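Chain and residue survey
Listed below, chain by chain, are the residues.
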Amino acid sequence: MKNIIGKYLRLSLSDEIGVLSDSLNVMTSRIDAHVREIEHRMKTMETMNKIDKAVLSSISRSDLLDRVIGLVSSLFHSSSTAMALYNEEKKGFDLLSRYQGIVQGIMTEKPFVPINNIGTVEMDRVRRVFQFNLQQEDAPYREILEELLGIKNGTGVNVPVVMAEHYLGSLVMIRDDHHGFSPHELESINMLADQVGIALRSIRAFEEKEQLLLGILLALTRSIDAKSKWTAGHSERVATFSEKIAYRLDMSEEEVRTVTFSAILHDIGKIAISELILDKPGKLTDHEFALIREHPGTGARIISDIPSYGKIVPGILYHHEHWDGSGYPRSLKGDEIPLQSRIITVADVWDAISADRPYRMGLQKEDALRFMIENSALLFDPDLVHIFMEIVTEEQ
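Reference entry: report on the structure contained in this document. In this numbering scheme, every chain counts its residues from 1 along its sequence in written order. Given that the model is predicted, a residue must reach a pLDDT of at least 70 before its local features are reported, and side-chain atom pairs must reach 80 or more before they are shown or counted; all residues, however, enter totals for whole chains, interfaces and linings. Side-chain calculation: all heavy atoms of the structure are included, whereas hydrogens and water are not.

1. Considerations on the pattern of salt bridges
Note the cut-off: The term salt bridge refers to a pairing of a side-chain nitrogen on Lys or Arg with a carboxyl oxygen on Asp or Glu at a separation within 4 Å. For every residue, the accessible area (1.4 Å probe, protein chains only) is compared with the maximum for its type, and the residue is labelled buried under 20%, exposed over 50%, or partly exposed between those bounds.
The final tally for this structure, using the stated rule, is 14 salt bridges. In this structure, Lys-152 and Glu-146 form a salt bridge, with 3.4 Å as the shortest nitrogen-oxygen distance. Judged by relative accessible area, which is 17%, Glu-146 ranks as buried. The partner of Lys-270 in a salt bridge is Asp-267, and the shortest N-O contact between them spans 3.5 Å. What emerges from the salt-bridge pattern is a single network uniting Arg-142, Glu-146 and Lys-152.

2. Things to note about the environment of Gly-334
For clarity, the cut-off: Each helix is a run of H or I in the DSSP string that is no shorter than four residues. Each strand is a run of E no shorter than two, and both are numbered from the N terminus. It only takes one pair of heavy atoms within 4.5 Å for two residues to be counted as in contact.
Tracing the chain through its elements places Gly-334 in the loop between α11 (313-317) and α12 (339-354). What makes Gly-334 buried here is its relative accessible area of 9%. Separated by 47 residues in the primary sequence, Gly-334 and Asp-381 place their C-alpha atoms 7.1 Å from one another. Setting aside residues up to four positions removed in sequence, Gly-334 forms contacts with Trp-323 and Arg-342.

3. What about the packing of helix α6 (residues 234-248) against helix α14 (residues 382-395)?
Convention followed: Lines fitted to C-alpha atoms define the axes here, with helix axes fitted over just the stretch in contact, and angles between the N-to-C directions of these axes take values from 0 to 180 degrees. Put simply, angles under 35 degrees are roughly parallel, angles over 145 are roughly antiparallel, angles from 65 to 115 are roughly perpendicular, and the rest are oblique. Note on convention: the crossing is left-handed when the near helix lies turned anticlockwise from the far helix by less than a right angle, right-handed when the turn is clockwise. Polar here means any residue other than Ala, Val, Leu, Ile, Met, Phe, Trp, Tyr, Cys and Pro, which are nonpolar, and Asp, Glu, Lys and Arg, which are charged; Gly is therefore polar.
Close contact between α6 and α14 brings their axes to 10 Å; oriented N to C, the two are set at 110 degrees. On the basis of the axis angle, α6 is roughly perpendicular to α14. As α6 packs across α14, the resulting crossing turns out to be right-handed. Note on element contacts: α14 touches α6 through Leu-384, Ile-387, Phe-388, Glu-390, Ile-391, Val-392, Glu-394 and Glu-395, opposite Phe-241, Lys-244, Ile-245 and Arg-248. Its residues placed into classes, the contact of α6 with α14 shows 7 nonpolar, no polar and 5 charged.

4. Some points on the packing of α6 against helix α7 (residues 253-264)
For the pair α6 and α7, the least separation of the axes is 8 Å and the interaxial angle reads 160 degrees. With respect to each other, α6 and α7 are oriented roughly antiparallel. The element α6 and its partner α7 pack so that their crossing is right-handed. Of the residues in α7, those touching α6 at Ser-235, Val-238, Ala-239, Ser-242, Glu-243, Ala-246 and Tyr-247 are Glu-253, Val-256, Val-259, Thr-260, Ala-263 and Ile-264. Here the contact of α6 with α7 is composed, by residue class, of 8 nonpolar, 3 polar and 2 charged.

5. Let's talk about the pairing of strand β1 (residues 80-87)
To be explicit about the condition: Think of it this way: DSSP has to see at least two bridges between two strands before they count as a pair.
Burial analysis of β1 places 8 of its 8 residues in the buried class, the great majority of the element. The two faces of β1 match: Ser-80, Ala-82, Ala-84 and Tyr-86 on one face and Thr-81, Met-83, Leu-85 and Asn-87 on the other face are all buried. With 6 bridges joining them, β1 and strand β6 (residues 166-175) adopt antiparallel strand pairing. Considered in β6, the bridge of Ala-82 is made with Val-172.

6. Some details on α7
Selection criterion: Here, expected helix span is obtained from the residue count minus one, scaled by 1.5 Å.
A rise of 1.5 Å per residue sets the reference length of α7, with its 12 residues, at 16 Å; its end C-alpha atoms lie 17 Å apart and thus fit the reference within 8%. Of all the 12 residues making up α7, 10 are buried; the element is thus mostly covered by neighbouring parts of the structure.

7. Details of the sheet that holds strand β3 (residues 112-114)
Across the sheet, which stays open at both edges, the 6 strands sit in the order β3-β2-β1-β6-β5-β4 with antiparallel pairing between neighbours. In this open sheet, the two strands that pair with only one neighbour each are β3 and β4 (130-133). On average, each strand axis in the sheet is tilted by 30 degrees relative to the strand beside it, whichever way the strands run. The sheet contact formed by β1 and strand β2 (residues 92-98) spans 6 bridges and is antiparallel.

8. With respect to unusual backbone geometry
Note that the residue after Tyr-328, namely Pro-329, is joined by a cis bond; omega there is 15 degrees. With respect to the helices and strands, the residue Pro-329 is situated in the loop between α11 and α12. A positive phi is found at Asp-250, a non-glycine position, where the angle reads about 60 degrees. The exposure class assigned to Asp-250 is exposed, which follows from its relative accessible area of 69%. In this structure, Ser-331 is a non-glycine residue whose phi angle is positive, near 55 degrees. Mapped onto the elements of the fold, Ser-331 is located in the loop between α11 and α12.

9. Some remarks on the packing of aromatic side chains
Quick note on the threshold: The pairing test for Phe, Tyr and Trp rings, Trp by its six-membered ring, is centres within 6.5 Å, and the orientation test on the planes gives stacked under 30 degrees, edge-to-face over 60, and tilted for anything in between.
Counting across every chain of the model gives 7 aromatic pairs. On the numbers, 6.2 Å between centres and 45 degrees between planes, the contact of Tyr-86 with Tyr-167 is tilted. In this pair, Tyr-86 is assigned in strand β1 and Tyr-167 in strand β6, connecting sequence segments 81 residues apart. Across the pair, exposure class does not vary: Tyr-86 and Tyr-167 are buried alike.

10. So, helix α4 (residues 139-149)
Where α4 is concerned, the buried positions are Tyr-141, Ile-144, Leu-145, Glu-146, Leu-148 and Leu-149. Among the residues trailing α4, Gly-150 stands out with phi positive, at a value near 70 degrees.

11. Overview of the pairing of strand β5 (residues 155-163)
With 8 of 9 residues buried, β5 lies mostly within the body of the structure. In this sheet, β6 lies alongside β5 in antiparallel orientation, the contact comprising 9 bridges. Residue Asn-158 lies in a different strand from β6, and its bridge partner there is Val-172. Between β5 and β6, which pair antiparallel and follow one another directly, the connecting turn spans 2 residues, one of which, Ala-164, has a positive phi of 55 degrees.

It is worth stressing that arrangement in space is one thing and function is another; only the former is reported here.
Rendered as structure tokens:
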């Protein structure tokens, strides 16, 4: 009898210890979950703070967006994160940024994703938070999401970005796995979407200022280009191509902007040259060519009088210098020539030889490409000619 009672007591004690152990395990699991939740909330708050700092320190719309979207993407370990603004007039989304995918320059048009096949009812869904599996979405949604994210597989979430109860667009992110986003993650994403809405207000201010500045500069350069019927649009084309080269060099956002503005204004000194010389069909006299050679210096003097424009002066002053030292105004050679000037030289000559002039017809594309290659390490930095050929080949 004693043995039976002892065995019972030992079993009972063992059961109680087991129950206690299970309870402790449950408590530990709950504590761990609470700790993870707190840590995630703290990281979310930290990310919101970083977004605030990005708003204060960014130098352009694209710089701000890339930093904001990068911060959001890193917090949730997403495969792709995109910010798209809804364009009411064009009926679609302007893709402002895709982390590690979309690069926006001053002269670059924003990628546009139309929503032709989505009606009013479907658009109401886009204005709400929803999770999705790309492969299981209906065709119209799937095609739009694939274009926004640049990816065709995974589980994602659409979070509307709202300002004063007005739908601005969507923050969209996706993962390679199929587990979706937890309630805690969705809560954090919503908080960050609100912060992105605040950032977008600053982005719009950037856009307004940048568009105003760009409009003034383009109006100025168009007036210069209009002095000759042969050069219409020349400065804009040179700026667009220069910007592409600058991005290929992985230059910073500020450096790219400097190159772009320098390229837009590279021929501003021609305002002091008579149309009779610019449009002369025959060979220029020594005196006329001497006047032409003065336009980089004239342009540099004009711009140097404008506060905060000192950085773009070298691009204007030295865009006719040659890699072998045969250019003007100072016969600089090789790396003595500022990089922004070397970039503009490639874009400037390419546009000039491709277009008709009063004294000659423009070269056919094959002949123009041959000219650029033959003058590598003569007129042009050979590394930039290599990048130039990459861009032309891809665009073809």
